[in-house]
Each structure stands twice: as structure tokens, then as C-alpha cells.
Amino acid sequence: TLFHRCSELAYQLLTKDGPVVRRHELEQLARNETAIHRIVDQAFRDEYWKVGPDEEIVYNGIHLINFKSISIYLKQLLLVDALHAPFSYEAGEKCIDERIALYGWGGEEITIRLGGTLDRLDTKGGVTRIIDYKTGSAKDKVAQVEALFNRESGKRNEHVFQAFYYVWLLCQRDRRGRYSPALFYTRLSDKADYDPTIQ
């Protein structure tokens, strides 16, 4: 939650003059220790302590370790994104839902609502990336598409399923849209050739 809020705050800063984000802006923010510190501090205030900007807080040892880790992950996110720039930042932490008609055994129509929160949307070259942030262990491999729907196998990849589910939800609104699902794993993001796009 803290990392998600940091990303949202960083992109609010980067897009204050417009949605297009450029490589040099991302690299500049990643090198700006003061700005990174402010962003992470604001995320702690918003999500952890739920206090305003003027209220005094005291970071203990575990807070400081988490603060440092999140700062490193945020810098890595910005540097990985710089390799993809320029792109247009569309939204962060965007709630979407769609009503879907199903038919019951007797042929009666049932309407259900499906939704979720998209961590981030950005667009480049007419393709919209749906990026889901993951701070745990990496699970970005799938042997075959059918495995995403087999709960009993023990090999179902929930992360990839979630990413494709979000693409499917967006396709319900715009079937002609071009979408690219991505899973950004903070633990892998320090690799030189890291690409969060699901292959």
C-alpha cells in the first residue's frame, strides 16, 4: 500500500504540467533524494499514520528500514519507467467496474458486477499498459493459458490471471483498444534489462 501511494504521488508530481512523462524527468526525480524522501514521508502519513502534513511523527527502527526499502523501490520504478519513456500517464489507483450479463439454468438473465483497482495505466504508441505493482515474490511465468483457469492444479498463477482480468475488464468498455498487461515486481526491478511486460 505504501509503495502504491508513493508511485501515485510521484506521478502526480511528474504530470502536474501534462500527462506526457519523459525519460529525463523520471531520471531526474529518481536522483532527487529530497523529493523521494518527501514522497515516501507523505505516503507514510497518508497510509500508515493517517495524519496531516504538519503533525509530528516519529519513525522507529522498523519504520526507517521500510522507509529506506520503499525509497529504493521507488527509484527503481522511476528508472525502469525511464527506459519506456516517453509515455502518457493515464491514471493511478483507478477503480473500474463493469456489469456483465449472464444466463442462469432457466435462461433468466443475471447481471453481476465485476471490478478492481488498476495500479497504473499509461499509453505509448496507441497501446495502453495496465501495470500491477507486486512487492512479493515474482510469479510471472505461465506454461499455458489454460493453467490460469485451473484452481485445482496448484499451478495457477494468480498474478498473471489478475493482470489479464484487468485487460478483459477494459476490453468490455473498448473492444478495439490495444492493451499490454504488466507486473512490476519491486524485487526484480534492479536488473539492467528488467521489463515488467508479461510475455
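For the structure itself, look to the data block above.
Keep in mind that what you see is a predicted model, and the values were worked out from it rather than measured.

Caption draft 1: The sheet that holds strand β4 (residues 127-134), seen in detail. Pairing is mixed across the open sheet formed by five strands, whose spatial order is β1-β2-β3-β4-β5. Bordering the open sheet on either side are β1 (20-21) and β5 (179-185), each of which pairs with just one other strand. Note: strand β2 (residues 87-103) against strand β3 (residues 109-124), 14 bridges, orientation antiparallel. The residue of β3 that forms the bridge with I100 is I112.

Caption draft 2: Summary view of the packing of helix α1 (residues 2-14) against helix α4 (residues 61-84). With their axes 10 Å apart at the nearest point, α1 and α4 run at an angle of 50° to one another. One way to sum up the angle between α1 and α4 is to call them oblique. Seen along the crossing, α1 lies across α4 with a hand that is right-handed. The residues of α4 that touch α1, namely those facing L2, F3, C6, S7, A10, Y11 and L14, are I70, Y73, L74, L77, L78 and D81. Of the residues belonging to the contact of α1 with α4, the class tally is 11 nonpolar, one polar and one charged.

Caption draft 3: Fine view of the pairing of β3. Counting the residues that bridge the hairpin from β2 to β3 gives five residues, and of these G107 lies at a positive phi of roughly 90°. Hairpin remark: β3 followed by β4, antiparallel, with two residues in the connecting loop; positive phi at G125, about 60°.

Caption draft 4: Summary view of the packing of helix α2 (residues 23-31) against helix α3 (residues 33-49). Between α2 and α3, the shortest axis-to-axis distance is 5 Å and the interhelical angle comes to 80°. The angle between α2 and α3 places the two elements in the roughly perpendicular class. Here L29, A30 and R31 of α2 come into contact with α3, specifically with E33, A35, I36 and I39. A class-by-class count of the residues in the contact of α2 with α3 yields five nonpolar, no polar and two charged.

Caption draft 5: Summary view of the pattern of salt bridges. Applying the stated rule across the entire model yields 13 salt bridges. Across the pair E33 and K75 runs a salt bridge whose closest N-O atoms are separated by 2.6 Å. With E33 in helix α3 and K75 in helix α4, this residue pair connects regions lying 42 residues apart in the sequence. A residue is classified by how much of its surface remains accessible, and E33, at 49% relative accessible area, is partly exposed. As a salt-bridge pair, D97 and R113 come within 3.6 Å of each other at their nearest N and O atoms. One end of the pair, D97, is in strand β2; the other, R113, is in strand β3, and 16 residues separate them in sequence. For R113, a relative accessible area of 54% translates into the label exposed.

Caption draft 6: Structural detail: the environment of E158. Residue placement: E158 occurs in helix α5 (residues 158-173). Counting along the chain gives 94 residues from E158 to L64, while the straight-line C-alpha distance between them is 31 Å.

Caption draft 7: Region of the structure containing the packing of aromatic side chains. With the rule as written, the count across this model stands at 15 aromatic pairs. With a centroid separation of 6.3 Å and an interplanar angle of 45°, the aromatic rings of Y11 and F87 are classed as tilted. Of this pair, Y11 sits in helix α1 while F87 sits in strand β2, and the two are 76 residues apart along the sequence. You can call Y11 buried: its relative accessible area is 0%. You can call F87 buried: its relative accessible area is 3%. Here the aromatic rings of Y11 and Y89 are separated by 4.7 Å at their centres, their planes lie at 10°, and the arrangement is stacked. Note that Y11 is positioned in helix α1 and Y89 in strand β2, a separation of 78 residues in sequence. Here Y11 matches Y89 in class, with each residue buried. Here the basic side chain of R129 rests over the ring of F87, its NZ or CZ set 6.0 Å away from the ring centre.

The rules behind these values
Residues numbered from 1 in each chain as written. Predicted model: local features only at pLDDT ≥ 70, side-chain atom pairs only at ≥ 80, totals over all residues. Heavy atoms only, no water. Pairing = 2+ DSSP bridges. Helix = DSSP H or I, 4+ residues; strand = E, 2+ residues; numbered from the N terminus. Axes fitted to C-alpha atoms, helices over the stretch in contact; angles between N-to-C directions. Parallel < 35°, antiparallel > 145°, perpendicular 65-115°, else oblique. Left-handed = near helix turned anticlockwise from the far one by under 90°. Contact = heavy atoms within 4.5 Å. Nonpolar A, V, L, I, M, F, W, Y, C, P; charged D, E, K, R; others polar. Salt bridge = Lys/Arg side-chain N within 4 Å of Asp/Glu carboxyl O. Buried < 20%, exposed > 50% of the residue type's maximum accessible area, 1.4 Å probe, protein only. Phe/Tyr/Trp six-rings, centres within 6.5 Å; stacked < 30°, edge-to-face > 60°. Lys NZ or Arg CZ within 6 Å of the ring centre and 35° of its normal.

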